[in-house]
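Chain by chain, the residues run as shown.
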Amino acid sequence: MKKSIEKNLETIRERVAAAARRANRDPRDIKLLAVSKKVPWERIKEAVACGQLLYGENYVQEARTKIPQLGQDLIWHFIGHLQSNKIKPAVELFQVIQTVDRVKLAVSLNNHLAALSRSMSVFIQINIGKEPRKAGVLPEKAEQLLRAVNELQYLRVAGLMAIPPFTADPGMARPYFRQMREMLADFMAKKLLGRHGQPELSMGMSHDFEAAIEEGATLVRVGTAIFGQRD
Ligand SMILES: *Cc1c(COP(=O)(O)O)cnc(C)c1O
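Residues numbered from 1 in each chain as written. Predicted model: local features only at pLDDT ≥ 70, side-chain atom pairs only at ≥ 80, totals over all residues. Heavy atoms only, no water.

**Quick look at the overall build of the chain**
Thinking step 1. Helix and strand content of the chain: nine helices and eight strands.
Thinking step 2. Here the C-alpha atoms of the chain give a radius of gyration of 17 Å, agreeing with the 17 Å that 2.2 N^0.38 yields for 231 residues.
Thinking step 3. Across its three principal directions, the C-alpha atoms of the chain cover 55 × 40 × 35 Å.
Thinking step 4. Expressed as a percentage of its 231 residues, the buried residues of the chain come to 48%.
Thinking step 5. Look at the contacts in the chain between residues 6 or more apart in sequence, and 59% of them connect residues 24 or more apart.
Thinking step 6. As displayed, the chain offers around 11400 Å² of accessible surface, 50% of which is attributable to carbon and sulfur atoms.
Thinking step 7. In the chain, the 35 positive side-chain charges and the 25 negative ones have mean positions that sit 3 Å from each other. (Helix = DSSP H or I, 4+ residues; strand = E, 2+ residues; numbered from the N terminus. Rg over C-alpha atoms; globule rule 2.2 N^0.38 Å. Buried < 20%, exposed > 50% of the residue type's maximum accessible area, 1.4 Å probe, protein only. Contact = heavy atoms within 4.5 Å. Areas by Shrake-Rupley, 256 points an atom, 1.4 Å probe, with all protein chains shown as cover. Lys, Arg positive; Asp, Glu negative; His and termini not counted. Charge placed at Lys NZ, Arg CZ, Asp CG, Glu CD.)

Below you can see the structure in the form of structure tokens.
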């Protein structure tokens, strides 16, 4: 019998491909980010053995103990809330920061990178549901933030990221996914995005990644459906 992580990954990859085909998209245009927060590195290793290379973590402190155990070939995205006092280790541990949502954070990141003469891919996180307690820049402020980040020498904006309001029915998230796709198209038309290759749209989690793909996601962030329920 196959181990559960291997089976889960296989199922998710099939579901990703099927959703892509339903939307007349090439399944190879969709990246699967395995969200490994609260998963011990020994279990992440099982996913690595299945050829899964892209991972997402939410906490710098936790990532610090896990990432060094897992070898050189993996790509780590930071997807949590980044506090300014954690920027230094975050820059050392992660290849991509998906959660840039304020100018101040972008400027500090850029300063740390300048000291290392290193550039980094980032996403702009959008609070697409305008939820008061959620991270992300408000949609109406996104263009202003994007323009500011584009001016920073060591940051390369790879795309947009969002976590829509949670609903048990994934269909309810579709209007938010659609708004994200429209925002991306608008920024591309204004030549504010797409300077570093085809821009990414990071949206969709375990319960709604298929809807997200049908609405244009290029990167889905899936945790529970791969590693099981977190404690
Ligand atoms: C935890 C988390 C995920 C994964 O959520 P699941 O429901 O476990 O798939 C995706 N994105 C972000 C930003 C997260 O914090």
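**Quick word on the packing of helix H6 (residues 142–150) against helix H7 (residues 174–189)**
Thinking step 1. One way to put it is that H6 packs onto H7 with a least axis distance of 12 Å and a crossing angle of 45°. Judged by the angle between their axes, H6 and H7 are oblique. Seen along the crossing, H6 lies across H7 with a hand that is right-handed. Along its contact with H6, which presents Ala-142, Glu-143 and Leu-146, the element H7 presents Met-183, Asp-186 and Phe-187.
Thinking step 2. By residue class, the composition of the contact of H6 with H7 is four nonpolar, no polar and two charged. (Axes fitted to C-alpha atoms, helices over the stretch in contact; angles between N-to-C directions. Parallel < 35°, antiparallel > 145°, perpendicular 65-115°, else oblique. Left-handed = near helix turned anticlockwise from the far one by under 90°. Nonpolar A, V, L, I, M, F, W, Y, C, P; charged D, E, K, R; others polar.)

**Quick word on the pairing of strand S2 (residues 54–57)**
Thinking step 1. Every second residue of S2 is oriented toward a common face, with Leu-54 and Gly-56 on one face and Tyr-55 and Glu-57 on the other, all of them buried.
Thinking step 2. Across two bridges, strand S1 (residues 31–35) lies against S2 in parallel orientation. Bridge pairing in S2 links Ala-34 to Tyr-55.
Thinking step 3. Running through helix H2 (residues 41–49), the crossover from S1 to the neighbouring parallel element S2 is right-handed.
Thinking step 4. By the bridge criterion, four bridges tie S2 to strand S3 (residues 75–78) in an arrangement that is parallel. Its bridge partner being in S3, Glu-57 is matched across the sheet by Phe-78. (Pairing = 2+ DSSP bridges. Right-handed = clockwise from strand over helix to strand, strands pointing away.)

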